[in-house]
Structures are given as structure tokens and as C-alpha cells.
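Coordinate analysis (summary)
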Amino acid sequence: MTSSSAHSRKALSKIACNRLQKELVEWQVNPPAGFKHKVTDNLQRWIIEVNGAPGTLYANETYQLQVDFPEHYPMEAPQVIFVPPAPLHPHIYSNGHICLDILYDSWSPAMTVSSICISILSMLSSSTVKQRPADNDRYVKNCRNGRSPKETRWWFHDDKV
């Protein structure tokens, strides 16, 4: 992602570093099923491989999540997007932005990268149709200048998918 927010990101606080190191160790010991952390030397940005769950529309498909951690993680939610090509899903925009309440309004510091991944896999697995959100083209056009999904006012109205 080449957004301006990615370039001007502040370094992680000591609390955020400690928390992420702890989560990384936990991930290595007990990774969530269907996910693989691509090891890099950047603690502030994780790339995670997502494998569609068997028996779902996304079975045998692989995608990548990019997780960018803010200075004050876990008090502030990370930015989580799919690296294009993003899966076709009613809550995932073609630019990789994800409309999922826990990434924004419903974030809690008790959540972890693993719990985010499980929620995203659950969202994918419950989908009955592969399609983009109805407002995909308009939304993506409005995000062209590198706008973060965290700058969007999301409207969470559909918990069926």
C-alpha cells in the first residue's frame, strides 16, 4: 500500500512492541487454522496468507491480508486490508478494504491478530454469493488518493454475510 498514512506512520510504542512480540510468539506456537504469517523483519506490518475454508465458496483459494499496526496498538485497532486481488465478497471492496465492525467501531484491546483472522475467515465462510459490495466502484474511486479504510464512516447493517 502506498498510502500517505503508511509513510507517515509513527513508530510503535513500547506497549505495542511488547504486545505484538507476545502475539507473534503465540502465533508461532498456536497459529489459527487456515492462516500463515509471512515472516519479515517488520513488526509494524504483518502479511498473512489466508486459505479459504473447505466446503465454502472460497475453498482452495488463497489471499493475503496486510495488517498495519498503529503506534498505540492494542488501544487502537490495526488497519487490515486484503492485498489485491481481494476475494469477491459483499463486504470486501476491490481495493482490499474490509467492511467488518471489529476493525473499526467494535474494536477492543482484548482482540488479537488471531481473533481478527478468525473473524475474517468466518465472514468469508458464511457468504452465499461471490460479489462486490453494491457501492464498490464509487467507494474505490473515493479512496484513490490512498485513503485508509479507518478514515471511512462504515455503516454496519448486514450481519447475514
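Just so it is clear, the model here is predicted, and its values are computed rather than measured. (Residues numbered from 1 in each chain as written. Predicted model: local features only at pLDDT ≥ 70, side-chain atom pairs only at ≥ 80, totals over all residues. Heavy atoms only, no water.)

1. Brief notes about the UniProt feature "active site" (unreviewed entry) in the chain
- As recorded in UniProt, the feature "active site" (unreviewed entry) lies at Cys99.
- Considering the arrangement of structural elements, one finds cysteine 99 in the loop between strand 4 (79–83) and helix 3 (113–125).
- Looking at cysteine 99, the relative accessible area reads 13%, which means it is buried. (UniProt positions renumbered as here; feature names shortened; annotations may be inferred. Helix = DSSP H or I, 4+ residues; strand = E, 2+ residues; numbered from the N terminus. Buried < 20%, exposed > 50% of the residue type's maximum accessible area, 1.4 Å probe, protein only.)

2. Overview of unusual backbone geometry
- Note the cis peptide between tyrosine 73 and proline 74, where omega equals 5 degrees.
- The peptide bond linking proline 84 to proline 85 adopts the cis configuration, its omega dihedral lying at 5 degrees.
- Here proline 85 shows up in the loop between strand 4 and helix 3.
- Here the phi dihedral of asparagine 60 falls at roughly 65 degrees; this positive angle occurs in a residue that is not glycine.
- If you trace the backbone, asparagine 60 turns up in the loop between strand 2 (45–51) and strand 3 (62–68).
- The exposure class of asparagine 60 is exposed, given its relative accessible area of 81%.

3. Regarding the environment of isoleucine 120
- In this structure, isoleucine 120 sits in helix 3.
- A residue is classified by how much of its surface remains accessible, and isoleucine 120, at 0% relative accessible area, is buried.
- The sequence separation of isoleucine 120 and valine 80 amounts to 40 residues, and the corresponding C-alpha distance is 10.0 Å.
- Setting aside its immediate chain neighbours within four residues, isoleucine 120 contacts Leu65, Val80, Phe82, Ile98 and Leu100. (Contact = heavy atoms within 4.5 Å.)

4. As for the packing of aromatic side chains
- In this structure the tally under the stated criterion is six aromatic pairs.
- With a centroid separation of 4.3 Å and 40 degrees between ring planes, the pair formed by tyrosine 93 and tyrosine 139 is classed as tilted. Here tyrosine 93 is found in the loop between strand 4 and helix 3, whereas its partner tyrosine 139 is found in helix 4 (residues 136–142), with 46 residues between them in sequence. Take tyrosine 93 and tyrosine 139: they sit in the same class, and that class is buried.
- Members of the aromatic cluster, each reached through a chain of ring pairs, are Trp27, Trp46, Phe69, Tyr73 and Trp107. (Phe/Tyr/Trp six-rings, centres within 6.5 Å; stacked < 30°, edge-to-face > 60°.)

5. With respect to helix 2 (residues 14–29)
- In this model, helix 2 (16 residues) spans 23 Å end to end at C-alpha, consistent with the 22 Å of a helix rising 1.5 Å per residue.
- Burial in helix 2 covers these residues: Ala16, Arg19, Leu20, Glu23, Leu24 and Trp27. Buried residues in helix 2, looked at end-on, bunch into an arc of 140 degrees, giving them a common side. Away from the buried face of helix 2 by more than 90 degrees, exposed residues Lys14, Ile15, Lys22, Gln28 and Val29 are located.
- Where helix 2 is buried, its residues meet strand 1 (35–38), strand 2 and helix 3. (Expected span 1.5 Å × (residues − 1). Arc of directions from axis to C-beta.)

6. Describing helix 3
- Helix length check: helix 3, at 13 residues, gives a terminal C-alpha distance of 18 Å against a target of 18 Å (1.5 Å per residue), a fit within 8%.
- For helix 3, the complete set of buried residues consists of Val113, Ser114, Ile116, Cys117, Ile120, Leu121, Met123 and Leu124.
- Where helix 3 is buried, its residues meet helix 2, strand 1, strand 2, strand 3 and strand 4.

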